[in-house]
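Here is what each chain is made of, one letter per residue.
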Amino acid sequence: MTAPTAAAPDREQPKDPESRHPAGTEAVRATDDAFDQDVLPSPPGATGALLRSLLAPMRPRVALTVLLLLLQQAAVQAGPLLVAYAIDHAVPALRDDDRGPLIAVGAGYLLCSLAAGALQYGFIAVAARVSQDVLLDLRGRIFRHAQALSVDFHERYTSGRLISRSTADVESLRELLDEGLQELVTVILSFVYIAALLLWLDLGLGAVAVASFGPLYALVRLYRRRAGRVYRQRSTAIAAVIVKFVETMNGIRPVRAFRREAANEADFAVLNRRHERTNGNALLEMARYVIGSRLVANTTVAGIVLWGAYRVADGTLALGVLAAAVLYLRRLYDPIDRLGMFLNSYQSAAASLEKIAGLLAQTPSVPEPAAPKELPPPASEHPGREVVFDAVSFGYRTGGEVLPRFDLTLPAGQTVAVVGSTGAGKSTLAKLLARFYDPSAGRVLLDGTDLRDLAVPELRRGVVMVTQEAFLFSGTVADNIAIGRPEATREEIERAAKAIGAHDFIAALPDGYDTDVRKRGGRISAGQRQLVAFARALLADPAVLILDEATSSLDVPGERAVQRAMTTVLKGRTAVVIAHRLSTVEIADRVLVMEHGRIVEDGTPDELVAGTGRFADLHRAWRDSLA
Ligand SMILES: Nc1ncnc2c1ncn2[C@@H]1O[C@H](COP(=O)(O)OP(=O)(O)OP(=O)(O)O)[C@@H](O)[C@H]1O
Ligand SMILES: [Mg+2]
């Protein structure tokens, strides 16, 4: 890599695998650009607000966990105090033949341990429930939110990144909740308890111990700052690995077709290595912190033992108190390594939560209406409705204007064919009508109602688009046809399939309509998929049906059959049929020729064929090709 971006200055080091695989650099750079969107902009405080909103419903249970920990720590920290009592009181009493204090100490110690164990069990049980509920809620939110976001969001934010949000990022939050948070609260509580007990036992020793908190705190601060950066890099690096993985496997066919395996492997090696390196850096930061804090701890213990020994010899300090102080200090400093672990999980959880918060802060660019409107009942017994593009202009976020200023009226029930060269804006027109996007100016009206004001179920019933992709979801063929109307009966499903000419091939599948499309034998061809998609649209029974290259995978007889079926299917509906094959145009009442986002010809097929315009030329060329 030659030009690391300013956002990640320390990602590169010389003598990387990068330099050995120059072929891989382009794709790696593309992934780098995608990194920029890994942390989506979110309003300040969004991360904290997200965490609070996740915990808010469990406030009583969180309070209970804190109470349980408070009691548990009290039971745990009683130990050294009992030891001091044993040395300074029970042993002298024993010399006077009084076994009472020793028995009391022993019983007390046993009781405290039992109580501590029981309290800890209770704490873990409650805390585990809290963390599971938080994660359940969070995963649900990510799914719902991502699904609700508009098409243009998904065009920019890859599915790999979404997967990484709902797996790796949720997982790092789990680590924090399950392990880290308990650690932190325990450490803080024991610091408070022990400092108080030491000061109470002996002001001087207590003061020395408390003084050691200063450098420890400084170390923690330093570690947090440095580790924060490393952890953010690490989580970005792991996300890149996941993105590359998902993208490659999703595109496995073009990968095979273009023999991209070696280049992909090189790219993956670079990303994988980058992740490994950030991981290594994180471990080194951790090691520095642990060694530094142990140095502070051991120095303090040594100081207290030295000074305490002199004072015991002087008779100004009881031996038991010194023993208790040393025991307390050990207990105080032991969890410091674990505090580092906690900070680790805190850092990665914070980085992850920031990303999730950024995702959840995205608002759909095609929002649901604040005051949803219903459509008036259809004017005739036919389902079709009038469509108006009223001074619409539109451009994609990433490009220039695609539709400069677009006016078009489609009367209810009209079948309109839209033709035009590649990139003319036909699909864009269709996507605006299906409200995948909203126009940047102007309105798209369905029977006089702006699509933006239309209630979601109304829009779903109103406009259905069938595209070239004809995506099938896992499930049976029947499930796939019924997606637009889940309550449809088997008869209705079969009727739709028959109307479109899909019944014969479906009946020939191993389990007919119950064949699982993801299982062996359920694999169906591209053309068959399109037929299923057609049946799906027909069953949904929309007022406006849009077919965007929906017959492009069908063979000529297949297309003919669909066309014949379509005259019945489209009857009474408003239909927009986009097709490169001019044969489709024959079923249309009206033909629009589009160029550069404008309509350049508009008329009945016969008029246009008889004329001298572009369509007449196209039609002549097509006729000639058939001859
Ligand atoms: N998601 C998108 N983001 C950015 N630009 C886009 C997007 N989709 C299409 N465009 C651009 O908008 C213009 C019109 O594209 P559109 O898909 O509407 O063309 P089309 O007429 O359907 O072409 P085709 O016949 O090839 O399907 C093209 O210049 C294209 O580059
Ligand atoms: Mg198109």
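Residues numbered from 1 in each chain as written. Chains lettered and ligands numbered in written order. Predicted model: local features only at pLDDT ≥ 70, side-chain atom pairs only at ≥ 80, totals over all residues. Heavy atoms only, no water.

Notes on helix α16 (residues 490-500)
For clarity, the threshold we go by: Relative accessibility thresholds used throughout: buried, under 20% of the residue-type maximum; exposed, over 50%; partly exposed, between the two (1.4 Å probe, protein chains only). Comment: elements are numbered from the N terminus, with helices defined as DSSP H or I runs of at least four residues and strands as E runs of at least two. To be clear, the arc concerns the directions from the helix axis to the C-beta atoms. Here, two residues are considered to be in contact whenever any of their heavy atoms come within 4.5 Å of each other.
For α16, the complete set of buried residues consists of I493, A496, A497 and I500. Along the axis of α16, the buried positions cluster into a sector of 95 degrees, meaning they face one direction only. What points out from α16, more than 90 degrees from its buried face, is the exposed set E491 and R495. Buried residues along α16 sit in contact with α15 (477-481), α17 (503-507), α18 (526-540) and α19 (556-569). Just past α16, the residue G501 takes up positive phi, approximately 85 degrees.

Describing the sheet that holds strand β9 (residues 590-595)
Put simply, the rule is: Two strands pair under a simple rule: DSSP has to find at least two bridges between them. Under this scheme, a helix contributes an axis fitted over its contacting stretch, all axes are lines through C-alpha atoms, and angles between N-to-C directions fall in the 0 to 180 degree range.
As summarised here, the arrangement of the six strands in space is β6-β7-β8-β3-β9-β10, forming an open sheet in which the pairing is mixed. Both outer strands of the open sheet, β6 (463-466) and β10 (598-603), are each paired with one neighbouring strand and no more. Taken pair by pair, the neighbouring strands of this sheet meet at an average axis angle of 20 degrees, ignoring direction. The pairing of strand β3 (residues 415-420) with β9 spans five bridges and is classified as parallel. Residue pairing across strands places V418 opposite L592, the latter belonging to β9.

What to know about the sheet that holds strand β4 (residues 441-446)
Taken together, the four strands give an open sheet; going across it, the order is β2-β1-β4-β5, and neighbouring strands pair in antiparallel fashion. Because the sheet does not close on itself, it has two edges, and the strands there are β2 (401-410) and β5 (449-450). Where strand β1 (residues 387-395) meets β2, six bridges bridge the pair, whose relative direction is antiparallel. Residue V388 lies in a different strand from β2, and its bridge partner there is T409. Contacting β1, β2 and β4, helix α13 (residues 426-433) crosses the sheet at an angle of about 120 degrees to β1.

Here we look at helix α3 (residues 46-55)
Residues spaced three or four apart along an α-helix face the same direction, because each turn holds 3.6 residues. Buried residues of α3: A46, L50 and L54, and no others. Along α3, the residues classed as buried sweep out an arc of 75 degrees about the axis, all on the same side. Looking at the buried residues of α3, the elements they touch are α5 (100-148) and α12 (335-360).

Considerations on the packing of helix α7 (residues 159-201) against helix α8 (residues 203-250)
Spelled out, the test is: Angles below 35 degrees are treated as roughly parallel, those above 145 as roughly antiparallel, those between 65 and 115 as roughly perpendicular, and all remaining angles as oblique. Three residue categories are used. Nonpolar comprises Ala, Val, Leu, Ile, Met, Phe, Trp, Tyr, Cys and Pro, charged comprises Asp, Glu, Lys and Arg, and polar comprises the others, including Gly.
Put simply, α7 and α8 touch, their axes get as near as 11 Å, and they point 175 degrees apart. Classified by the interaxial angle, the pair formed by α7 and α8 is roughly antiparallel. The class makeup of the residues in the contact of α7 with α8 is 17 nonpolar, six polar and two charged.

Observations regarding the site of ligand 1
What counts here: Proximity is defined per residue: if any heavy atom of the residue lies within 4 Å of a molecule or strand, that residue is considered near it. Contacts described as polar in this section are N or O atom pairs within 3.5 Å, which, within protein, must combine one atom able to donate a hydrogen with one able to accept it, while residues neighboring in sequence count only if both atoms come from side chains. For every accessible area listed, the method is Shrake-Rupley and the probe measures 1.4 Å; residues are considered covered only by the protein chains on display.
Close to ligand 1 lie 15 residues, the nearest being G423, G425, K426, S427 and T428. One of the backbone N or O atoms of A424 is found 3.2 Å from an oxygen atom in ligand 1. With respect to ligand 1, the backbone of G425 contributes an N or O atom lying 2.9 Å from an oxygen atom. Its free accessible area being 630 Å², ligand 1 has 66% of it covered by the protein chains. No other element matches the four residues that α13 contributes to the shell around ligand 1.

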